[in-house]
Amino acid sequence: MEDTIYWVWLLQTLGGSTVLQDLLQYFGSARKLYEAGASEWRICGLMTAKQIAALSRVSPSECGGVLEACRENGWFPVTPDMLWYPRRLWELRDMPPVLFTWGDVTVLERKAAVSVVGTRRASAYGVRVASLLTETLASAGAVIVSGGALGIDSAAHEGALRAEGGKTVAVLGCGLGTDYLRENVGLRKRIAQNGVVVSEFLPFAPASRYTFPRRNRIISCLSLGTVVIEAGEKSGSLITARCALEQGRDLFAVPGDVVSSAFTGANRLIRDGAVPVFSPRDVLAEYLPRFPGELHDVPDKSFGELLRENGEQPETLSREPLTAAAKPRAPKNAHGAEPPAAAPAEKRALPESLSENAQKVYAALEPAGVHIDDLSERAGLPAGTCLAALTELEVYGFAALSEGRKYRSI
């Protein structure tokens, strides 16, 4: 950790747009870059006068507040000179000088990782497909990478967490501790307990229209391949798809309704050469021979078969976007970090777009938690149907998994 402050200095002065590969090739490390001084910075010809001025204005000793915030909040900064820094990110010329991590950093060492992305305004169809896909892939040993956002991202993380021993990585488009997406605070906490939350931005850095495209290149680069689910013509997930192609990664897409604009982007990816995904094994089969130590096979069952096994009827899944009700805002702590999600005294009203089964399951939930078997009995639904309804509720912030296979209303 002795040299970490030099990497933080580099990030804090030049930001994430630095062509870090060139600087490292010339100077060797962030510390050697600092010690070289302004004269050598000018001679190397790798930086503009503005960048050199930025490096000169701040010294590493002034960056200690960032490391202090990490210590206080249980975050761990990973830098390119550490074993945990993902080797795949070295392929990026603008590789991040620091990855701020929350959770099990060793998950980043796992090679068999697949990213799953899609629209924030997901339909019940998209949510269930994403959940079934990632639960199956995670149970087979794959690490699921996504962006921690609402909709398909949340469904992807939830599916991975539902698998026994499932691991997932959430790559944020803002700094750790930022007051952003409060409805996903509970999900991020669970990801930190069963995987890792990652950001290349300084702690508490706000999200913006510039941070998400940068985040997307990290999602695709960490993965062997990217699966796009339910993406419209202008979906941000198409940026991730483009990054995957530019990085030489595999690209997959789940086919959708050809008359719905919500699926135009994903369907066009298939038209242009993306591998169509009709079952989780369509993705898994690409990597089984390459990673026999990390992955194991699963039965080749279509999404329709998996749904019917869970007591669901695929044709009843709506293609209309689910919408979430407004959620109360929680206070920040002294450092602006996200507080733990607290169970409200009274249940909130569900949006009408949630399915009838989700309504039944929510009515049977309690803030203290209900075991899945008891929940299934209370709601009068098969266990598989109950789990499907819980996925909807989890994705939109109305339910959360607790210890002992208990689910609680939030």
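Residues numbered from 1 in each chain as written. Predicted model: local features only at pLDDT ≥ 70, side-chain atom pairs only at ≥ 80, totals over all residues. Heavy atoms only, no water.

- Going by what an unreviewed UniProt entry lists, the protein is known as DNA-protecting protein DprA and is assigned to Candidatus Fimenecus excrementigallinarum.
- Word for word, the UniProt comment on the protein under Sequence similarities (unreviewed entry) is "Belongs to the DprA/Smf family." (UniProt positions renumbered as here; feature names shortened; annotations may be inferred.)

**Re the layout of surface pockets**
Stage number 1. Each pocket or cavity is described by its volume, and for the largest pocket that value is around 640 Å³.
Stage number 2. Of all the secondary-structure elements, those providing two or more residues to the lining of the largest pocket are helix H7 (152-162), helix H8 (185-193), helix H16 (383-395), strand S11 (399-402) and strand S12 (406-409).
Stage number 3. The biggest single contributor to the lining of the largest pocket is H8, with five residues.
Stage number 4. Among the residues forming the lining of the largest pocket, the class breakdown is twelve nonpolar, ten polar and eleven charged. (1 Å grid on protein atoms, 1.4 Å probe; cavity = no way out; pocket = protein on both sides within 12 Å on 5 of 7 lines; lining within 4 Å. Points joined across faces, edges and corners; volume = space filled by probe spheres on them. Helix = DSSP H or I, 4+ residues; strand = E, 2+ residues; numbered from the N terminus. Nonpolar A, V, L, I, M, F, W, Y, C, P; charged D, E, K, R; others polar.)

**Some details on unusual backbone geometry**
Stage number 1. Unusually for a residue other than glycine, Phe204 sits at a positive phi of about 70°.
Stage number 2. In this fold, Phe204 is placed in the loop between strand S6 (195-199) and helix H9 (211-221).
Stage number 3. Given a relative accessible area of 29%, Phe204 falls into the partly exposed group.
Stage number 4. For Glu230, which is not glycine, the phi torsion reads 50° and is therefore positive.
Stage number 5. Inspection of the secondary structure assignment puts Glu230 in the loop between strand S7 (225-229) and helix H10 (237-246). (Buried < 20%, exposed > 50% of the residue type's maximum accessible area, 1.4 Å probe, protein only.)

**Concerning the packing of aromatic side chains**
Stage number 1. For the structure on display, the rule yields eleven aromatic pairs.
Stage number 2. For the pair Trp9 and Trp41, a centre-to-centre distance of 6.2 Å together with 40° between the ring planes defines the contact as tilted. Residue Trp9 is located in helix H1 (residues 4-14), and its partner Trp41 is located in helix H3 (residues 30-44); the two are separated by 32 residues in the primary sequence.
Stage number 3. Trp9 gets classed as buried once you look at its relative accessible area, which sits at 0%.
Stage number 4. Classification of Trp41 by relative accessible area gives buried; the value is 4%.
Stage number 5. The interplanar angle of 70° and the centroid separation of 5.6 Å between the aromatic rings of Tyr125 and Phe263 together place this pair among those described as edge-to-face. Of this pair, Tyr125 sits in helix H6 (residues 124-139) while Phe263 sits in the loop between strand S8 (250-253) and helix H11 (264-271), placing them 138 residues apart in sequence. We note that Tyr125, like Phe263, is buried.
Stage number 6. Through pairs of rings, three or more aromatic residues link up here, namely Tyr6, Trp9, Tyr34 and Trp41. (Phe/Tyr/Trp six-rings, centres within 6.5 Å; stacked < 30°, edge-to-face > 60°.)

**A look at the pairing of S8**
A regular strand places its side chains on the two faces of the sheet in alternate fashion.
Stage number 1. Here S7 pairs with S8 via four bridges, running parallel. When the sheet's bridge partners are listed, Val227 is paired in S8 with Phe252.
Stage number 2. Of the crossover connections in this fold, the one passing from S7 over H10 to the parallel S8 is right-handed.
Stage number 3. Sheet topology note: the S8/strand S9 (residues 275-276) ladder contains two bridges and is parallel. Note on S9: the bridge partner recorded for Phe252 is Val275.
Stage number 4. Note that the unit made of S8, H11 and S9 has a crossover that is right-handed. (Pairing = 2+ DSSP bridges. Right-handed = clockwise from strand over helix to strand, strands pointing away.)

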